[in-house]
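Chain by chain, the residues:
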Amino acid sequence: MKKFLKVITAVTVMAALMSGCSSTKQEETAAEPTAALAITVEPLTEDEFADVQDEGAVDAVIDDFSKITIELDMENMVPGTERTVKMTALKNIMAETGVGIHWSATGSSQNDPEETFSTFKSENIICRNGATDDEIKAMFEGYSADVTYTGADGNVVEESLPFDTAVIFK
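First things first, this report covers the structure right here in the doc. (Residues numbered from 1 in each chain as written. Predicted model: local features only at pLDDT ≥ 70, side-chain atom pairs only at ≥ 80, totals over all residues. Heavy atoms only, no water.)

What follows concerns helix α2 (residues 46-54). Inspection of α2 places Glu48, Phe49 and Val52 among the buried residues, and these make up the whole buried set. Looking straight down α2, one finds its buried side chains confined to an arc of 100°; they lie on one side. What points out from α2, more than 90 degrees from its buried face, is the exposed set Glu46, Asp47 and Asp54. Its buried side turned inward, α2 meets β1 (34-43), β2 (65-75), β4 (101-110) and β5 (118-127). At the exit of α2 stands Gly56, carrying a positive phi of roughly 110°. (Buried < 20%, exposed > 50% of the residue type's maximum accessible area, 1.4 Å probe, protein only. Helix = DSSP H or I, 4+ residues; strand = E, 2+ residues; numbered from the N terminus. Arc of directions from axis to C-beta. Contact = heavy atoms within 4.5 Å.)

Listed below in structure tokens is the structure:
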């Protein structure tokens, strides 16, 4: 009987220790929700340039064009909560600033409130019209992605991610 009690006591102590370690590990891995913006400006590939030529670019050379990818990723989101993103489309930014010509765009998003992430992506082809990298970057000044989501503490977080600080040239 003493042996049986010792085994039961040992199992109970081990179970308590394991459950204590388990909850501590869960607390350590619970990360705060984050939103990150990246704007990548890069040269066109030969295939992308062929598509531009098919769309009517006359006497164009590949260096006249760039691809601008705008990607906003939200991670560690609280499942069951809404998140929103508001930002000016690149086409409108270019029209307002007069820098380059917006040629074409495609976009996608995944924003299921039951997931722990959201992603928004826009791929744009622009005709630079002689604009330098500095002029392309300056075009984004004053524009931002405004995001709203629920923080880990349950409070609503409103964040503004400036476009001009997110620009990367490849």
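This is not the end of the story, as more comes after the structure.
Relative to the assigned elements, Ser118 resides in strand β5. One polar contact links Ser118 to Arg83, side chain to side chain, over a distance of 3.2 Å. In this structure Ser118 touches Leu72, Asp73, Met74, Arg83, Gln110 and Asn111, once residues within four positions along its chain are discounted. (Polar contact = N/O pair within 3.5 Å; in protein donor to acceptor, adjacent residues only side chain to side chain.)

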